There are 2 protein chains.
Amino acid sequence: MPATLREVAERAGVSVRTVSNVVNDFPQVAPDTRAKVQRALDELGYQPNAVARTLRRGRSGLIALVLPELDVPYFAELTRAVIEQAAAAGYTVVVDQTDGDPVRERELVMRGSRAAMFDGLIFNPLALGDADLRDRPSSTPVVLLGERVVQGGLDHIMVDNVGAAELATRHLIALGRQRIAAIGDQSDESRQTGRLRTQGYQNALRAAGVEVVPELIRPTEFFHRADGAAAMADLLALPDPPDAVFCYNDLLALGALRTILSRGLRVPEDIALVGFDDIEDGRYSTPSLTTIRPDKTQIAKHAVQLLLNRLDGDQSAPAEVPADYDLVVRESTTGISTY
Amino acid sequence: MPATLREVAERAGVSVRTVSNVVNDFPQVAPDTRAKVQRALDELGYQPNAVARTLRRGRSGLIALVLPELDVPYFAELTRAVIEQAAAAGYTVVVDQTDGDPVRERELVMRGSRAAMFDGLIFNPLALGDADLRDRPSSTPVVLLGERVVQGGLDHIMVDNVGAAELATRHLIALGRQRIAAIGDQSDESRQTGRLRTQGYQNALRAAGVEVVPELIRPTEFFHRADGAAAMADLLALPDPPDAVFCYNDLLALGALRTILSRGLRVPEDIALVGFDDIEDGRYSTPSLTTIRPDKTQIAKHAVQLLLNRLDGDQSAPAEVPADYDLVVRESTTGISTY
DNA sequence: CTGAAAGCGCTTACAG
DNA sequence: CTGAAAGCGCTTACAG
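You'll find chain A entered in an unreviewed UniProt entry as LacI family transcriptional regulator, with Kribbella steppae given as the organism.

(A) Representation of the overall build of chain A within the structure. A tally of helices and strands in chain A yields 14 helices and 12 strands. In terms of overall size, chain A is more extended than a compact globule, its C-alpha atoms giving a radius of gyration of 26 Å where 339 residues would be expected to give roughly 20 Å. Taken along the three principal axes of its C-alpha coordinates, chain A extends 90 × 50 × 30 Å. Looking at chain A as a whole, 58% of its 339 residues are labelled buried. Expressed as a percentage of contacts within chain A between residues at least 6 apart in sequence, the contacts between residues at least 24 apart total 68%. With an accessible surface of roughly 13,800 Å², chain A has 49% of that area assigned to carbon and sulfur atoms. The centroid of the 36 positive side-chain charges in chain A is displaced by 6 Å from the centroid of its 47 negative side-chain charges.

(B) Structural context of the relation of the copies chain B and chain A. Its rotation angle being 180 degrees, the transformation that places chain B on chain A also includes 0.0 Å of axial translation and leaves an RMSD of 0.1 Å. Such a turn and shift between the copies fits a two-fold axis. Most of the interface of chain B is mirrored in chain A, where 98% of its interface residues are also at the interface.

(C) Seen up close, the domain arrangement of chain A. Residues and elements named next belong to chain A. Domains assigned within chain A are domain 1 (1–38), domain 2 (59–159 + 296–324) and domain 3 (161–295 + 327–334). The gap between the C-alpha centroids of domain 2 and domain 3 is 29 Å. Taken together, the 17 residues of domain 2 in the interface contact 17 residues of domain 3. For the domain 2 face of the interface with domain 3, the top three residues by lost area are E147, V159 and K296, together amounting to 33%. Linking domain 2 with domain 3 are zero salt bridges, by the criterion used here. For the side of domain 2 that touches domain 3, the elements supplying multiple residues, two or more each, are α5 (73–88) and α13 (296–311). The element best represented in the side of domain 2 that touches domain 3 is α13, accounting for four residues. Tallied by class, residues from the side of domain 2 that touches domain 3 come to eight nonpolar, three polar and six charged.

(D) Expanded view of the protein's contact with DNA strand D. What surrounds DNA strand D is a group of 24 residues, the closest being R17 and R56 of chain A together with T18, T33 and R56 of chain B. Sugar plus phosphate: this is where 58% of the atoms of DNA strand D within 4 Å of the protein reside. Between DNA strand D and the protein, one listed contact pairs a base nitrogen with a side-chain N or O atom of R17 of chain A at 2.7 Å. Between DNA strand D and the protein, one listed contact pairs a phosphate oxygen with a backbone N or O atom of N49 of chain A at 3.4 Å. Of all the secondary structure elements, the ones that give two or more residues to the surface near DNA strand D are α2 (16–23) and α4 (50–57) of chain A together with α2 (16–23) and α4 (50–57) of chain B.

(E) Focus on the interface of chain B and chain A. Taken together, the contact between chain B and chain A spans 62 residues of the former and 61 residues of the latter. Each partner contributes to the roughly 5,300 Å² buried at the junction of chain B and chain A, and carbon and sulfur atoms together form 56% of this total. Linking chain B with chain A are 12 salt bridges, by the criterion used here. Residue D99 of chain A is joined to R80 of chain B by a salt bridge in which the shortest nitrogen-to-oxygen separation is 2.9 Å. When residues of the side of chain B that touches chain A are traced back to their parent elements, those giving at least two are α4, α5 (73–88), β2 (92–97), α10 (225–236), α11 (250–262) and α12 (280–284) of chain B.

(F) Quick look at the UniProt feature "domain: HTH lacI-type" (unreviewed entry) in chain A. Under the UniProt annotation, "domain: HTH lacI-type" (unreviewed entry) lies at residues 3–57 of chain A. Across residues 3–57 of chain A, helical content stands at 69% and strand content at 0%; the span's end C-alpha atoms are separated by 20 Å.

Rules used throughout
Residues numbered from 1 in each chain as written. Chains lettered and ligands numbered in written order. Predicted model: local features only at pLDDT ≥ 70, side-chain atom pairs only at ≥ 80, totals over all residues. Heavy atoms only, no water. Helix = DSSP H or I, 4+ residues; strand = E, 2+ residues; numbered from the N terminus. Rg over C-alpha atoms; globule rule 2.2 N^0.38 Å. Buried < 20%, exposed > 50% of the residue type's maximum accessible area, 1.4 Å probe, protein only. Contact = heavy atoms within 4.5 Å. Areas by Shrake-Rupley, 256 points an atom, 1.4 Å probe, with all protein chains shown as cover. Lys, Arg positive; Asp, Glu negative; His and termini not counted. Charge placed at Lys NZ, Arg CZ, Asp CG, Glu CD. Least-squares fit on C-alpha atoms with pLDDT ≥ 70 in both. Domains from an automatic or database assignment. Buried area = accessible area lost by both parts, 1.4 Å probe. Salt bridge = Lys/Arg side-chain N within 4 Å of Asp/Glu carboxyl O. Nonpolar A, V, L, I, M, F, W, Y, C, P; charged D, E, K, R; others polar. Near = heavy atom within 4 Å. Polar contact = N/O pair within 3.5 Å; in protein donor to acceptor, adjacent residues only side chain to side chain. UniProt positions renumbered as here; feature names shortened; annotations may be inferred.

In structure tokens:
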């Protein structure tokens, strides 16, 4: 059992108030009282009880980051950025994973359960939408990440998926490709990302006068390597396979790359590839991956800042913050230069 | 402000005790009392205060997983496994990242700070060793992961690094390779992993009568792709480059692979490659990666089980649990079969 | 500069 | 089956 404040006070022959003053480094403590208390503190190896302190103060110093999947590199990299930003503000981040499961998302965000020890939440939903989030019983501030459209009056940071997908597709068009496929469309109403990127892809094709061919738009259930590999196999089985593919994230692109190379085809000579996310894997694949790079540091910075504002009592209208992105051109569209 | 138990009690015209009984689903509540209370609960949107509950109960239902780096795929994949195992036991896992920084490791594990709201800790140290962990002031149970040797009387799960490295190296020897390099040695006293794997590598070479060539053993600061790429470049600059490389993790191997391919060399024809960890990236690279596969599910299962035992008051001697592993042979040593 | 005491929001023996 | 009350370990206005 760790020592309590009262035990320290008894040992030092002072009141708990004075011990608390010393523990919290308050200035108005007489030097020799401080020394006496400090000795008792050391002897008993006192550690403040964080739970009691939180109950009393009304703040834990903890914020939760709730993400679909920690082992998706984009989220892992984003997590690193959020942890750094929060640490700079004196907050500790704890991370939780939902697998995009609506039940788990609801449980974590509605905080019915014991997860409710956090001062605030940064939440990237996959399944939950406007309706679910509208009347949370909790007053814990939430900042939303990602494309799930929520009009429910919560701060929200997202990349312009349509614009980014257009940019990626235009790049392939500019390369002179004519049969440009897309991997990652999602028919599921609750998954917005795929739909929005398909929209941008189609916009770009139409603007360039390139025909939109439905069979070149491949839906996937998830955005994992395996999905990309399978979708690419389907595309290669087409009578007239594509000469370029826009994959809705880098994991899909890496899966597609594996399939292409395993058939003895070349990237980008036979098929050019563009991904999305700029995860580290894509910088080290051969060929390296041309991709859309969302500014993860900026996303993290905004998310933490918005949350801190709310914690400070900011009552202003919910913010809709667009995150910057750009196109990073690498070997999967320009070719490998062996040196 | 969320409603409190007392407010619900007043509204329902009962005592807090009765409300608590309803909230916690205790059976001995009269049906109509229950209904009355339930109505008040619903009307006020009552959510129990998890902090107060934890203070009172002495348990939060939260366990912390403290890892060096979340964006290293091995740890991300391990995290998934731990979350699954803990969830099965009714615990929620929160994850924290130390970057192997001794200051952060100490802060989190010694729980000087507000992180101290967890019932238990699963900790993979990088910098902290025996001495540091010996006299923790806290009584929160800890289970250690990884190779950092700790005799301090804590439960500990680790893979046999020496044995696994021998297995990997023997595989390369069996392929007939003669100049087998190693990437990932660590001279730093506090980093055990590299040293142990080098030992296994050397054991295997000696047992096979292959000369140990110091210049073929490359130290790296971290176990990241960039380190592997740089170390491989050094090896290729040697007058007599290796014909095989054992990389101490898959990330190093993926970096090395990138360097090899970018020089126009072939894997495995010119240089065979073996990694360690079996991360998903290595299953989708071209060529796919031969690797040592630690049983991550088993590690997670043991870690959670050991922790639960301690939480249940288990006072037995600290356990040293070896984790299973095996060699997964893929294209980076056997060659790519295009189909 | 320090003490005695209230209270954060729960849970739970103790009565009845 | 339900109420009045103590207490988990802190922090902090209120006195002095």
